[in-house]
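Coordinate inspection notes
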Amino acid sequence: MSRRFSFSEDNEGDSFDDLDVSLDRALNNASNNLFEYNKGHGPNGSRQGSQGSMGAIPLSNMGHSFDRIRGEDEHSDSSPLIANQAYSTLNRSFSSSTSSLNLGGGRSLPFSLSIKRAFKKGINFFISAKKELNQGRLGVSLRDGNASDERYISPRNVKSKSSDAYPSNAVSNAKYNAITFVPIILYDQFRFFFNLYFLLVALSQIIPALRIGYLSSYIVPLAFVLTVTMMKEAGDDIARRRRDREQNNELYEVLNRTPNNLAQDYKLVPSKNLKVGDLVRLHKDTRIPADMVLLQTSDKEGTGEAFIKTDQLDGETDWKLRVACPATQSITTAAQLINTISIIINPPTKSIHHFAGKLVYHPQSVAGSVSPTTGNETYALTIDQTLWANTVLASGTAIGIIAYTGTETRQAMNTTKTGVKTGLLELEINSLSKILCFVVAALSVGLVLAHGFPLRDTWYIDILRFLILFSTIIPVSLRVNLDLAKSVYASQIHKDNDIPDTIVRTSTIPEDLGRIEYLLSDKTGTLTQNDMEMKKLHLGTVSYAGESLDIVTDYVTNMLTILDAKPTGATKKKDLSSKVCDLILTLALCHNVTPTYENEDDEVNGDVSYQAASPDEVAIVKFTELVGLKLFKRDRRSVSLLHTMTNQTLEFEILYNFPFSSDTKRMGIIVKDKHHDEIWFLQKGADTVMSAIVNTNDWLDEETGNMAREGLRTLVIGKKRLSSHLYENFVQDYKKATLSMHDRDSAMQKVIGQYLELDLELLGLTGVEDKLQHDVKTSIELLRNAGIKIWMLTGDKVETAKCVSISARLISRGQYVHQITKVSHPELAMNQLEYLKVNKNACLLIDGESLGMYMKYYKKEFFEVVINLPAVVACRCSPQQKADVATMIREITGKRVCCIGDGGNDVSMIQCADVGVGIVGKEGKQASLAADFSIDQFCHLVKLLLWHGRNSYKRSARLGQFVIHRGLLISVAQAVYSISTGFEPLALYQGWLMVGYSTLYTMAPVFSLTKDNDIDEHLTRLYPELYKELTLGKSLSYKTFFVWVLISLHQGIVIQILSQAFQTLDQDKFKTMVALSFSCLIYNELIMVAISVFRWNKVVTSTVVITLMIYVVSVPFLSDYFDLEYVASFSYLWQVAVILALSLLPVWISRYIERKLRPPSYAKVQQD
């Protein structure tokens, strides 16, 4: 099949296809003769001629080394699913014919092929660049097609041009390629005003009238900034391409690309070349390369079951069960699998939990048909038959057909490129830099006007020259310094042994860790351990907890006798032992837990581990095992329970399973008791939905509230016996609903509600405890004392959330809790907030229904009241509500918001926050992967904010001030010189002096401030109130900015005026004056760093000393700029000493006096 090259998105590339055809025509004719020969002389004597035949030999395979292919990719986990259909021997005339074909196929043919290859290689570079540039746009256009169009996919059509209508399966996370790298980098850099400003300044030196100094004086600093940025971006992109290349070149066994007269029944195809319709064989622990439909597994019992790991897709660490369609599981040959099946699917969607499709099984009489016919058998495809891309096959071997590739896979469609987050400090520096821009313009115009009227004819050129001279006021290196500092902070966080395994995923906002004022937290897995333990059973009249659970064990000991003695279908009132046994049996059956064994010895010894989507279910199953009823074995069709006291096995057939979902909030199962030949519907779920499903009672609401107040997670358990007639009617209607291609889920749920979810017998309640995480109480108390307002947003019940809030000290002892629940009328809503307007020290407890109503009708009024409260607890919140709350707090307050969570339902909230923190927990890594910072425990957040946040903010603030001071200092000296020379735009420092000043001579000491800290680490926990000062932004404000401006003015004027006074402005004294002035600038900056350091360390000391030595050593090489005889004289030394004393002493004295009269808070606690 020819590869299409086109510079457009449509089919204009057909001209290249025509070129392929014309160039290959002679070779194809020769190969056809060879195929005719094999047709009559092959091992079978004939070759099938139907579509999709396994006997055709693709031309591309003729030059392959069969010995190499035969030895590749051998797996030991299991045997291949389908027996090898290739012939054991090859006709020896094949290779000789091929050889003679290549030699005698015409002398002009190789030359033509080489021309074609050279031409294609020449444009391939530009083709790949164009594809990468348009990848995102093409992905969007593919998704914007007609959503109602169904797709018909067949493994027989994979080689046709129709397969090219789908996206390529190549993965590309690279931001650039060889063509786009420089343009995109330059655009990203010069869209910032400062870099564009310096580019214009540099380019202005090309104009003779504007030329002031050497062009290198202005190009080198800008080139340095761009070089550092480009090296960083290039390194990151090369790493991304390397990862992409490894993934794209992974080899997979494709069954429908190789004919069956080769030595094996598959062809090894790189992941990037896989297409829709390919039949791919996967082995254990293999990454799934594209979205696939499972067709067959190596399950020993032939049930078609396989497990997959989805933690890289949805963040959940439990294994998911997948089941192949029965029609394809029984197929034994590759040819039959290729020729007898096809699938019908909907266009791709983002949902990873829903899938609707059909598998069409073609009997042999209609094999090869291109569309469904009346003679075909149709089977429903659901989420249970899917293998999503980037999940991993956890067991056995499997065969699947590729349904979606590339940008249409679920993983790609759910990968959103979040915008680059900008820190608050960077915004503040940008606002200060605007003032500097105004200063440059005003100073330039002012000096021209000061020359006197009438203005010279070249006044506008003079203004431009002054703008160029004072360009150093706007520090070009500021962004580079701050970006490099962020990398330092990230490294320090990563290497902190007190918070191990902490990962910085967004390195652009570490300073914001020191500016957080609102913390929005999930409950389960974030404040709690997500480590569930069964604590209580309640049966309406009696409850069991603690030591009384031993009574349950006694009842279960006699379970077999109790169940056998119970009359079938009895309606009389059951005794307590029967109720307990019914409840325990239901708990042991009604779940989606799968027992797994590492090896056969574990299975013999009973060493079982449980896999489930919910820790609650594992806790319940472990409880039933503890009381004597163990989950021994489970597959898709059956479940076996082991009665540990008698060692007898209870066998049940699974007829239907209805998994838990966040929409239904319940799960159910239909089982058949093989011993009693009864069909039962068992169900458990949240009390909010189950109360309407179970039969009438007078205790459920009260007891769920009581258990919630104890901090327990409750589930309501019920069951119902199904008659044969009722079950048959349900099966008939439910099967029709499963084949619906539109609104399938709602149709299925409607049938379930109609037949099953009516008048269930209420068996009881379970109470599961979720323990608090380590050191949560202390951590929350420290964060509250630090002035951070904490909100807990959870999907749990009101009473449970309230209890956990109190035990975690989110709600203080004696603090009034104002509760707003079930508010559904807008006219009553505002009255509920009146109390909070008066008592702002109260805590608000609100449910999701009421919160949704406020968000719809009184969004602004509601948040203006609650943002001042010390704590807010929102229950029954949806993931979108969590995200909306974070967004509204940011919009209304303008403060920094931090969101922390551990599950997939917290991702939206985390991404909407200024700072998102994810916890690696039992729910998986999805929140951690989506967050800016990843931690292992909630208590690690304290050090992340109070210590690393403080250091990052205060260090960057001082770094920014010093860089601005450095630029102002040399600009003030230039301004003084210009005024002294009659307002002429003449350069004071040129060439290397301008370059070296902001790089080699001052950069390292100034940057070493990123290793300095003002207080000891333990004081941040001892005095968490210090964090409040950071949120006020006093470290970098207009006040501190103008203080530094005054310091720069004083020092710049003193240095330049005294230098001119000592050496005069005579032309023959110019080099002497420059040597004195420039040296004082360097020494002044180094000493300013020294007197500003809080704590001397090796880094600060070494950078100051080494930089001073570098300057001293470089002075002899500056003869073009300095008078070296003067520098070697005693006059140079005493004049430098005088200037530095007058420049630095007033600054040091003023700082000393202010520190004594008004010491900062950190100084007070440091002295204590």
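Residues numbered from 1 in each chain as written. Predicted model: local features only at pLDDT ≥ 70, side-chain atom pairs only at ≥ 80, totals over all residues. Heavy atoms only, no water.

Turning to the pairing of strand β2 (residues 251–254), a few remarks are in order. Pairing between β2 and strand β3 (residues 267–270): four bridges, direction antiparallel. Residue pairing across strands places Leu 251 opposite Pro 270, the latter belonging to β3. Bridge count between β2 and strand β4 (residues 279–282): two bridges; the pairing is antiparallel. The residue bridging Val 254 from the neighbouring strand is Val 280, located in β4. (Pairing = 2+ DSSP bridges. Helix = DSSP H or I, 4+ residues; strand = E, 2+ residues; numbered from the N terminus.)

Counting residues in each nonpolar core, the largest one holds 132 residues, and the members touching the most others are Phe 938, Leu 941, Tyr 989 and Phe 1122. The leading source of residues in this core is helix α32 (residues 940–980), at 17 residues. Setting aside residues up to four positions removed in sequence, Phe 1122 forms contacts with Leu 993, Lys 1071, Val 1074, Ala 1075, Phe 1078, Ser 1079, Tyr 1111, Val 1115 and Val 1127. Counting 47 residues, the second-largest nonpolar core is a separate cluster that includes Leu 539, Val 580, Ala 612 and Val 768. (Core = buried A, V, L, I, M, F, W, Y, C linked by side-chain atoms within 4.5 Å. Buried < 20%, exposed > 50% of the residue type's maximum accessible area, 1.4 Å probe, protein only. Contact = heavy atoms within 4.5 Å.)

Right, let's talk about the packing of aromatic side chains for a bit. A full pass over the atoms with the stated rule returns 31 aromatic pairs. The interplanar angle of 45 degrees and the centroid separation of 6.3 Å between the aromatic rings of Phe 1078 and Tyr 1111 together place this pair among those described as tilted. Of the two residues, Phe 1078 is situated in helix α38 (residues 1070–1092) and Tyr 1111 in helix α39 (residues 1098–1114); the sequence distance between them amounts to 33 residues. For the pair shown, Phe 1078 and Tyr 1111 are each scored as buried. For the ring pair Tyr 1083 and Tyr 1111, a centre distance of 5.7 Å and an interplane angle of 85 degrees mean the geometry is edge-to-face. Here Tyr 1083, found in helix α38, pairs with Tyr 1111, found in helix α39; they are 28 residues apart in sequence, far enough to count as distant. Take Tyr 1083: its relative accessible area is 16%, and that puts it in the buried class. Look at Tyr 1111 and you get buried, because its relative accessible area is 0%. These aromatic residues form a ring-pair network of at least three members: Tyr 989, Trp 992, Tyr 997, Tyr 1001, Phe 1078, Tyr 1083, Tyr 1111 and Phe 1122. If you follow Lys 719 out to its NZ or CZ, it ends over the ring of Trp 680, 4.1 Å from the centre. (Phe/Tyr/Trp six-rings, centres within 6.5 Å; stacked < 30°, edge-to-face > 60°. Lys NZ or Arg CZ within 6 Å of the ring centre and 35° of its normal.)

The next thing to look at is unusual backbone geometry. For Asn 390, which is not glycine, the phi torsion reads 70 degrees and is therefore positive. Mapped onto the elements, Asn 390 comes out in the loop between β11 (386–387) and β12 (392–393). You will see that Asp 743, though not glycine, has its phi angle at about 55 degrees, which is positive. Inspection of the secondary structure assignment puts Asp 743 in the loop between α21 (724–738) and α22 (744–755).

Under the present numbering, the feature "active site" (unreviewed entry) in UniProt falls on Asp 522. Tracing the backbone shows Asp 522 in the loop between β15 (516–521) and β16 (528–538). At 3.3 Å, the side chain of Asp 522 forms a polar contact with the side chain of Lys 882. (UniProt positions renumbered as here; feature names shortened; annotations may be inferred. Polar contact = N/O pair within 3.5 Å; in protein donor to acceptor, adjacent residues only side chain to side chain.)

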